[in-house]
Amino acid sequence: MNIALLVCFLVSILAYGGHSQTVRPTVLWHGMGDTCCYPFSMGHIKNLIEQNFPGIYVYSIEVGNSLDEDEWNSFFMNVNDQVDYVCRRLANDTNLEDGFNAIGFSQGGQFLRAYVERCNSPKVYNLISVGGQHQGVFGMPNCIGVNHTLCEMMRKLLNMGAYEKFVQNHVTQAEYWQDPLNFDEYLEKNIFLPDINNNLDQKNATYKQNFESLNHFVMVKFLNDTMVQPRESEWFGFYVPGQDKIIQPMENTTLYIEDWIGLRTLNENNQVTFIETIGEHLQFTDAWFVQNIIPFLNNTI
(Lines give C-alpha, C1' and ligand atoms only; values in the text may rest on other atoms or scores of the structure.)
Protein backbone atom coordinates (compact mmCIF):
# COMPACT_ATOMS: atom_id res chain seq x y z
CA MET A 1 0.00 0.00 0.00
CA ASN A 2 2.84 2.39 0.88
CA ILE A 3 4.52 1.62 -2.42
CA ALA A 4 1.26 2.33 -4.25
CA LEU A 5 0.94 5.68 -2.49
CA LEU A 6 4.53 6.54 -3.41
CA VAL A 7 3.88 5.69 -7.06
CA CYS A 8 0.79 7.92 -7.10
CA PHE A 9 2.80 10.75 -5.56
CA LEU A 10 5.57 10.40 -8.15
CA VAL A 11 3.03 10.33 -10.98
CA SER A 12 1.47 13.54 -9.71
CA ILE A 13 4.90 15.19 -9.57
CA LEU A 14 5.60 14.20 -13.17
CA ALA A 15 2.18 15.32 -14.35
CA TYR A 16 2.19 18.73 -12.70
CA GLY A 17 5.86 19.47 -12.29
CA GLY A 18 5.39 19.90 -8.56
CA HIS A 19 3.43 23.11 -9.07
CA SER A 20 -0.25 23.89 -8.76
CA GLN A 21 -1.95 24.90 -11.99
CA THR A 22 -3.10 28.46 -12.53
CA VAL A 23 -6.11 29.52 -14.56
CA ARG A 24 -4.87 31.29 -17.68
CA PRO A 25 -5.35 35.09 -17.49
CA THR A 26 -7.91 36.83 -19.69
CA VAL A 27 -7.53 40.11 -21.57
CA LEU A 28 -10.56 42.16 -22.68
CA TRP A 29 -10.72 44.87 -25.37
CA HIS A 30 -13.93 46.89 -25.48
CA GLY A 31 -15.78 48.26 -28.49
CA MET A 32 -16.59 51.69 -29.92
CA GLY A 33 -17.86 54.24 -27.42
CA ASP A 34 -17.11 52.03 -24.45
CA THR A 35 -14.26 51.95 -21.94
CA CYS A 36 -12.26 49.37 -20.06
CA CYS A 37 -14.15 49.75 -16.85
CA TYR A 38 -17.73 51.00 -17.02
CA PRO A 39 -19.54 48.94 -14.36
CA PHE A 40 -22.42 48.17 -16.74
CA SER A 41 -20.19 46.87 -19.56
CA MET A 42 -16.56 45.72 -19.34
CA GLY A 43 -16.47 46.10 -15.55
CA HIS A 44 -19.43 43.74 -15.36
CA ILE A 45 -17.82 41.24 -17.76
CA LYS A 46 -14.61 41.32 -15.71
CA ASN A 47 -16.56 40.59 -12.52
CA LEU A 48 -18.48 37.79 -14.21
CA ILE A 49 -15.26 36.07 -15.28
CA GLU A 50 -13.77 36.49 -11.81
CA GLN A 51 -16.87 34.95 -10.25
CA ASN A 52 -16.46 31.86 -12.43
CA PHE A 53 -12.69 31.59 -11.87
CA PRO A 54 -11.76 32.85 -8.39
CA GLY A 55 -8.24 34.20 -8.37
CA ILE A 56 -8.00 34.67 -12.15
CA TYR A 57 -6.12 37.72 -13.48
CA VAL A 58 -8.32 39.74 -15.84
CA TYR A 59 -6.89 42.76 -17.63
CA SER A 60 -9.34 45.08 -19.37
CA ILE A 61 -7.53 47.26 -21.89
CA GLU A 62 -7.64 51.02 -21.39
CA VAL A 63 -6.18 53.01 -24.29
CA GLY A 64 -5.12 56.23 -22.60
CA ASN A 65 -4.81 57.50 -19.06
CA SER A 66 -8.47 57.89 -18.12
CA LEU A 67 -11.92 56.61 -19.00
CA ASP A 68 -12.58 59.80 -21.00
CA GLU A 69 -9.42 59.26 -23.05
CA ASP A 70 -10.25 55.60 -23.54
CA GLU A 71 -13.72 56.44 -24.86
CA TRP A 72 -12.42 59.23 -27.12
CA ASN A 73 -9.68 57.00 -28.51
CA SER A 74 -12.24 54.33 -29.45
CA PHE A 75 -13.51 56.86 -32.01
CA PHE A 76 -10.58 59.09 -32.92
CA MET A 77 -7.24 57.35 -32.37
CA ASN A 78 -5.40 55.73 -35.27
CA VAL A 79 -5.95 51.96 -34.96
CA ASN A 80 -2.34 51.15 -35.78
CA ASP A 81 -1.25 53.40 -32.92
CA GLN A 82 -3.78 51.73 -30.63
CA VAL A 83 -2.46 48.26 -31.47
CA ASP A 84 1.15 49.41 -30.94
CA TYR A 85 0.15 50.89 -27.56
CA VAL A 86 -1.55 47.67 -26.48
CA CYS A 87 1.38 45.53 -27.66
CA ARG A 88 3.67 47.51 -25.36
CA ARG A 89 1.26 47.43 -22.42
CA LEU A 90 0.70 43.68 -22.60
CA ALA A 91 4.39 42.93 -23.09
CA ASN A 92 5.18 44.84 -19.88
CA ASP A 93 2.55 43.08 -17.77
CA THR A 94 4.33 40.28 -15.92
CA ASN A 95 0.98 38.68 -15.05
CA LEU A 96 0.58 37.84 -18.73
CA GLU A 97 4.06 36.55 -19.48
CA ASP A 98 2.90 32.92 -19.81
CA GLY A 99 0.13 33.84 -22.24
CA PHE A 100 -3.57 34.59 -21.97
CA ASN A 101 -7.02 34.16 -23.46
CA ALA A 102 -8.41 37.24 -25.19
CA ILE A 103 -11.95 38.48 -25.74
CA GLY A 104 -12.62 41.35 -28.12
CA PHE A 105 -16.02 43.03 -28.15
CA SER A 106 -17.14 44.59 -31.45
CA GLN A 107 -14.15 46.43 -32.97
CA GLY A 108 -12.03 45.07 -30.13
CA GLY A 109 -12.33 41.70 -31.90
CA GLN A 110 -10.38 42.73 -34.99
CA PHE A 111 -8.02 44.87 -32.91
CA LEU A 112 -7.03 41.86 -30.80
CA ARG A 113 -6.58 39.83 -33.98
CA ALA A 114 -4.18 42.55 -35.12
CA TYR A 115 -2.34 42.12 -31.82
CA VAL A 116 -2.02 38.39 -32.49
CA GLU A 117 -0.78 38.87 -36.04
CA ARG A 118 1.61 41.75 -35.40
CA CYS A 119 2.92 41.11 -31.88
CA ASN A 120 1.64 38.07 -29.99
CA SER A 121 4.19 38.44 -27.24
CA PRO A 122 2.94 37.31 -24.80
CA LYS A 123 0.95 34.77 -26.79
CA VAL A 124 -2.81 34.49 -27.06
CA TYR A 125 -4.17 30.99 -26.44
CA ASN A 126 -7.87 31.29 -27.31
CA LEU A 127 -9.09 34.38 -29.21
CA ILE A 128 -12.79 35.14 -28.85
CA SER A 129 -14.43 37.76 -31.06
CA VAL A 130 -17.86 38.90 -29.88
CA GLY A 131 -19.44 40.80 -32.77
CA GLY A 132 -16.09 41.77 -34.30
CA GLN A 133 -16.11 43.08 -37.88
CA HIS A 134 -13.30 41.05 -39.43
CA GLN A 135 -14.12 42.01 -43.01
CA GLY A 136 -14.96 45.55 -41.94
CA VAL A 137 -18.21 47.45 -42.41
CA PHE A 138 -19.96 49.28 -45.22
CA GLY A 139 -22.46 51.32 -43.31
CA MET A 140 -22.98 52.14 -39.66
CA PRO A 141 -26.67 52.93 -39.20
CA ASN A 142 -26.59 52.75 -35.41
CA CYS A 143 -24.02 53.86 -32.89
CA ILE A 144 -24.39 52.46 -29.39
CA GLY A 145 -21.76 54.58 -27.69
CA VAL A 146 -22.66 56.20 -24.38
CA ASN A 147 -21.62 59.62 -25.72
CA HIS A 148 -23.95 60.41 -28.64
CA THR A 149 -21.99 63.56 -29.49
CA LEU A 150 -18.94 61.45 -30.30
CA CYS A 151 -21.11 59.14 -32.42
CA GLU A 152 -22.33 62.09 -34.47
CA MET A 153 -18.80 63.46 -34.89
CA MET A 154 -17.65 60.09 -36.18
CA ARG A 155 -20.56 59.87 -38.65
CA LYS A 156 -19.91 63.36 -40.03
CA LEU A 157 -16.24 62.60 -40.59
CA LEU A 158 -17.07 59.33 -42.35
CA ASN A 159 -19.48 61.25 -44.57
CA MET A 160 -16.60 63.53 -45.57
CA GLY A 161 -15.00 60.48 -47.15
CA ALA A 162 -13.77 57.41 -45.31
CA TYR A 163 -10.64 57.18 -47.42
CA GLU A 164 -9.60 60.82 -47.16
CA LYS A 165 -6.14 60.94 -45.57
CA PHE A 166 -7.22 62.99 -42.54
CA VAL A 167 -10.19 60.72 -41.89
CA GLN A 168 -8.09 57.56 -42.25
CA ASN A 169 -5.55 58.82 -39.76
CA HIS A 170 -8.00 60.13 -37.18
CA VAL A 171 -11.27 58.17 -37.35
CA THR A 172 -11.01 54.66 -35.97
CA GLN A 173 -14.05 53.31 -37.82
CA ALA A 174 -12.76 54.56 -41.19
CA GLU A 175 -9.84 52.19 -40.81
CA TYR A 176 -12.10 49.15 -41.10
CA TRP A 177 -14.45 50.71 -43.68
CA GLN A 178 -14.55 48.44 -46.74
CA ASP A 179 -16.34 49.91 -49.75
CA PRO A 180 -17.17 47.03 -52.13
CA LEU A 181 -18.14 49.57 -54.82
CA ASN A 182 -14.65 51.09 -54.72
CA PHE A 183 -12.53 48.09 -53.88
CA ASP A 184 -9.29 49.36 -55.44
CA GLU A 185 -9.53 52.59 -53.44
CA TYR A 186 -10.08 50.53 -50.28
CA LEU A 187 -6.91 48.54 -50.94
CA GLU A 188 -4.91 51.64 -51.77
CA LYS A 189 -6.05 54.02 -49.02
CA ASN A 190 -7.33 52.04 -46.05
CA ILE A 191 -4.42 51.98 -43.58
CA PHE A 192 -5.49 49.07 -41.35
CA LEU A 193 -7.91 46.37 -42.50
CA PRO A 194 -6.29 45.37 -45.83
CA ASP A 195 -3.04 44.91 -43.93
CA ILE A 196 -4.28 42.63 -41.15
CA ASN A 197 -6.36 40.65 -43.67
CA ASN A 198 -3.23 40.15 -45.82
CA ASN A 199 -5.25 41.64 -48.67
CA LEU A 200 -2.27 43.44 -50.22
CA ASP A 201 -0.05 42.04 -52.96
CA GLN A 202 2.82 41.47 -50.55
CA LYS A 203 1.61 38.89 -48.04
CA ASN A 204 2.98 38.97 -44.51
CA ALA A 205 4.05 35.46 -43.55
CA THR A 206 4.39 36.42 -39.88
CA TYR A 207 0.72 37.40 -39.69
CA LYS A 208 -0.29 33.97 -40.95
CA GLN A 209 2.15 32.14 -38.70
CA ASN A 210 1.03 34.03 -35.60
CA PHE A 211 -2.67 33.56 -36.32
CA GLU A 212 -2.19 29.85 -36.93
CA SER A 213 -0.51 29.59 -33.52
CA LEU A 214 -3.88 30.11 -31.79
CA ASN A 215 -5.29 27.14 -29.95
CA HIS A 216 -8.81 28.23 -30.88
CA PHE A 217 -10.58 31.11 -32.61
CA VAL A 218 -14.20 31.86 -31.71
CA MET A 219 -16.54 34.20 -33.63
CA VAL A 220 -19.92 35.34 -32.33
CA LYS A 221 -22.53 36.74 -34.75
CA PHE A 222 -25.63 38.63 -33.64
CA LEU A 223 -28.54 37.65 -35.87
CA ASN A 224 -30.51 40.87 -35.33
CA ASP A 225 -27.51 43.19 -35.54
CA THR A 226 -28.50 46.57 -37.02
CA MET A 227 -25.22 48.27 -36.18
CA VAL A 228 -22.83 46.19 -38.27
CA GLN A 229 -23.36 46.17 -42.04
CA PRO A 230 -23.13 43.47 -43.14
CA ARG A 231 -23.50 41.43 -39.98
CA GLU A 232 -21.88 38.51 -41.84
CA SER A 233 -18.58 40.31 -41.33
CA GLU A 234 -18.73 38.98 -37.77
CA TRP A 235 -18.12 35.53 -39.33
CA PHE A 236 -15.63 36.79 -41.97
CA GLY A 237 -18.27 37.10 -44.70
CA PHE A 238 -18.74 40.21 -46.84
CA TYR A 239 -20.26 41.62 -50.02
CA VAL A 240 -19.09 40.24 -53.33
CA PRO A 241 -16.83 43.02 -54.70
CA GLY A 242 -18.51 45.44 -57.10
CA GLN A 243 -21.93 45.57 -55.43
CA ASP A 244 -23.53 45.77 -51.98
CA LYS A 245 -26.41 43.29 -52.15
CA ILE A 246 -25.01 39.77 -52.48
CA ILE A 247 -22.99 38.51 -49.53
CA GLN A 248 -20.48 35.71 -49.77
CA PRO A 249 -19.79 33.53 -46.73
CA MET A 250 -16.30 33.15 -45.32
CA GLU A 251 -15.64 29.92 -47.23
CA ASN A 252 -16.17 31.67 -50.60
CA THR A 253 -13.87 34.62 -49.95
CA THR A 254 -10.44 34.76 -51.52
CA LEU A 255 -8.97 35.44 -48.07
CA TYR A 256 -10.20 32.02 -46.97
CA ILE A 257 -9.66 30.06 -50.19
CA GLU A 258 -6.03 31.20 -50.52
CA ASP A 259 -5.56 31.09 -46.74
CA TRP A 260 -4.04 34.57 -46.48
CA ILE A 261 -4.04 34.68 -42.66
CA GLY A 262 -4.32 30.99 -41.75
CA LEU A 263 -8.08 31.04 -41.14
CA ARG A 264 -8.65 28.09 -43.45
CA THR A 265 -5.88 26.13 -41.75
CA LEU A 266 -7.42 26.67 -38.34
CA ASN A 267 -10.91 25.84 -39.56
CA GLU A 268 -9.85 22.64 -41.28
CA ASN A 269 -8.12 21.61 -38.06
CA ASN A 270 -11.38 22.14 -36.12
CA GLN A 271 -9.91 25.13 -34.30
CA VAL A 272 -12.63 27.63 -35.24
CA THR A 273 -16.01 27.85 -33.52
CA PHE A 274 -18.94 29.82 -34.95
CA ILE A 275 -21.60 30.96 -32.50
CA GLU A 276 -24.78 32.77 -33.52
CA THR A 277 -27.22 34.34 -31.12
CA ILE A 278 -30.54 36.11 -31.47
CA GLY A 279 -30.30 39.75 -30.53
CA GLU A 280 -28.97 43.20 -31.33
CA HIS A 281 -25.28 44.07 -31.37
CA LEU A 282 -23.55 42.98 -28.12
CA GLN A 283 -26.87 42.20 -26.46
CA PHE A 284 -26.55 39.02 -24.39
CA THR A 285 -27.33 37.78 -20.90
CA ASP A 286 -24.97 36.66 -18.18
CA ALA A 287 -26.32 33.13 -18.57
CA TRP A 288 -25.52 33.18 -22.30
CA PHE A 289 -21.98 34.41 -21.62
CA VAL A 290 -21.37 31.74 -18.99
CA GLN A 291 -22.71 28.99 -21.26
CA ASN A 292 -20.99 30.04 -24.49
CA ILE A 293 -17.85 32.00 -23.63
CA ILE A 294 -16.68 30.89 -20.20
CA PRO A 295 -15.75 27.35 -21.42
CA PHE A 296 -13.08 28.85 -23.71
CA LEU A 297 -11.47 30.49 -20.67
CA ASN A 298 -11.35 27.26 -18.69
CA ASN A 299 -7.71 26.36 -19.28
CA THR A 300 -4.51 26.58 -17.24
CA ILE A 301 -0.87 27.54 -17.54
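Residues numbered from 1 in each chain as written. Predicted model: local features only at pLDDT ≥ 70, side-chain atom pairs only at ≥ 80, totals over all residues. Heavy atoms only, no water.

What about the pairing of strand E1 (residues 26–29)?
- Of the two faces of E1, the one holding Thr26 and Leu28 and the one holding Val27 and Trp29 are both buried throughout.
- In this fold, E1 hands off to helix H2 (residues 42–52), which returns the chain to strand E2 (residues 58–60); that crossover is right-handed.
- Of the strand pairs in this sheet, E1 and strand E3 (residues 100–105) are connected by four bridges, and their pairing is parallel. Its bridge partner lying in E3, threonine 26 is registered against asparagine 101. (Buried < 20%, exposed > 50% of the residue type's maximum accessible area, 1.4 Å probe, protein only. Helix = DSSP H or I, 4+ residues; strand = E, 2+ residues; numbered from the N terminus. Right-handed = clockwise from strand over helix to strand, strands pointing away. Pairing = 2+ DSSP bridges.)

Overview of the sheet that holds E2
- One open sheet holds the six strands; their spatial order is E2-E1-E3-E4-E5-E8, and the pairing between them is parallel. Of all the strands in the sheet, just E2 and strand E8 (272–277) have a single pairing partner and so form its edges. Ignoring strand direction, the axes of neighbouring strands in this sheet form an average angle of 15°.
- Both E3 and strand E4 (residues 124–130) contribute to a ladder of five bridges, which runs parallel. Its bridge partner being in E4, glycine 104 is matched across the sheet by serine 129.
- Strand contacts of H2: E1, E2 and E3, with the helix running at about 165° to E1, the strand carrying the most contacts.
- Relative to E1, helix H4 (residues 79–91) is tilted by about 160°, and along the sheet it contacts E1, E2 and E3. (Axes fitted to C-alpha atoms, helices over the stretch in contact; angles between N-to-C directions. Contact = heavy atoms within 4.5 Å.)

Things to note about the confidence of the model for the protein
- In the predicted model, the protein carries a mean pLDDT of 91, and 89% of its residues have values of at least 70.
- A low-confidence stretch, residues 4–19 stays under pLDDT 50, and its non-local contacts, those more than four residues away or across chains, total three contacts. (pLDDT = per-residue confidence, 0-100.)

Concerning helix H5 (residues 107–118)
- An ideal rise of 1.5 Å per residue puts 16 Å on 12 residues; H5 measures up with 17 Å between its terminal C-alpha atoms.
- Most of H5 is tucked away, with 11 of its 12 residues classed as buried.
- All of the buried residues along H5 are Gln107, Gly108, Gly109, Gln110, Phe111, Leu112, Arg113, Ala114, Tyr115, Val116 and Glu117. (Expected span 1.5 Å × (residues − 1).)

Quick notes on the state of the cysteines
- The final tally for this structure, using the stated rule, is two disulfides.
- Here cysteine 36 is linked by a disulfide to cysteine 37, with a sulfur-sulfur distance of 2.3 Å. Since a negative S-S torsion denotes a left-handed disulfide, the cysteine 36-cysteine 37 link at about -100° is left-handed.
- When its relative accessible area of 40% is taken as the criterion, cysteine 37 is described as partly exposed.
- Here cysteine 87 is linked by a disulfide to cysteine 119, with a sulfur-sulfur distance of 2.0 Å. Here cysteine 87 and cysteine 119 share a disulfide; its torsion about the S-S bond, 90°, makes the bridge right-handed. (Disulfide = S-S within 2.5 Å.)

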